[in-house]
Amino acid sequence: MSAVPDDGRHWEQVTGCGAFADHVGPLYMTLDALDAGEAVRFGFRVADHHCNPRPICHGGMLSTFADIALARGIRVVSDIPAPLPTITMSLDYLAPAPLGAWVDARVSVTRIGGGTCFAQALMYAGETPVLRASGVYKRMKPAT
């Protein structure tokens, strides 16, 4: 099974998100063929190391993926440099994502302010919605 879906989009591996993101990845990103209102799309293939004993993707992995996708989505849309620390994040788990599923996060950035940024995403395993996420991120002032 391929790491990325054969969906006609150009998926590139996400880099520069730190050692933890590298550890749970690989994670991918695309700007191709997005839905209306969608700023960027991120994805990963559910592997053994992402699963609980059932085997379905662990909620902690979905939460981690949501946090990375929301923050990186803000950075892609706005060119805001890292770091972009999480202030708060809200998650609604909707359905399981089974081993082998391609999970994608369809990110929309709702507001870029002087001190905070807001983003939301729906995550799917195939056509099944698995998680709804929203987050608020701190825009750091550049070092002088």
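My aim in this report is to walk through the structure given alongside it, one point at a time. For clarity, every value in this text was computed on a predicted model and none was experimentally measured.

Rules of the game
- Residues numbered from 1 in each chain as written.
- Predicted model: local features only at pLDDT ≥ 70, side-chain atom pairs only at ≥ 80, totals over all residues.
- Heavy atoms only, no water.
- Pairing = 2+ DSSP bridges.
- Helix = DSSP H or I, 4+ residues; strand = E, 2+ residues; numbered from the N terminus.
- Core = buried A, V, L, I, M, F, W, Y, C linked by side-chain atoms within 4.5 Å.
- Buried < 20%, exposed > 50% of the residue type's maximum accessible area, 1.4 Å probe, protein only.
- Contact = heavy atoms within 4.5 Å.
- 1 Å grid on protein atoms, 1.4 Å probe; cavity = no way out; pocket = protein on both sides within 12 Å on 5 of 7 lines; lining within 4 Å.
- Points joined across faces, edges and corners; volume = space filled by probe spheres on them.
- Nonpolar A, V, L, I, M, F, W, Y, C, P; charged D, E, K, R; others polar.

**Describing the sheet that holds strand 6 (residues 116–125)**
Hydrogen bonds along the backbone pair up the strands of a sheet, which may run parallel or antiparallel. Judged by pairing direction, the sheet is antiparallel, and its 7 strands sit side by side in the order 1-2-3-5-6-7-4 without closing on themselves. The open sheet terminates on both sides in strands that have one partner only, identified here as strand 1 (12–13) and strand 4 (86–93). Bridging between strand 4 and strand 7 (residues 128–138) involves 7 bridges; their strand directions are antiparallel. If you follow Leu-91 over to strand 7, its bridge partner there is Ala-133.

**Side note on the nonpolar core**
If you look at the biggest cluster of nonpolar residues, it comprises 36 residues, and the most contacted ones within it are Phe-42, Phe-44, Val-46, Phe-65, Val-103, Val-107 and Met-123. Looking at this core, the elements that each hand over two or more residues are helix 1 (19–24), strand 3 (40–45), helix 2 (59–78), strand 5 (102–112), strand 6 and strand 7. It is helix 2 that contributes the most residues to this core, 9 residues altogether. If near-sequence neighbours (up to four positions away) are discounted, Met-123 is found in contact with Leu-62, Phe-65, Ala-66, Val-103, Asp-104, Ala-105, Thr-128, Pro-129, Val-130 and Leu-131.

**Quick word on the layout of surface pockets**
Estimated volume of the largest pocket: approximately 240 Å³. Looking at the largest pocket, it is lined by 15 residues, and the ones nearest its centre are Cys-17, Ala-21, Asp-67, Ile-68 and Ala-71. Only helix 1 and helix 2 provide two or more residues apiece to the lining of the largest pocket. The element best represented in the lining of the largest pocket is helix 2, accounting for 6 residues. Among the residues making up the lining of the largest pocket, the classes are represented as 10 nonpolar, 2 polar and 3 charged.

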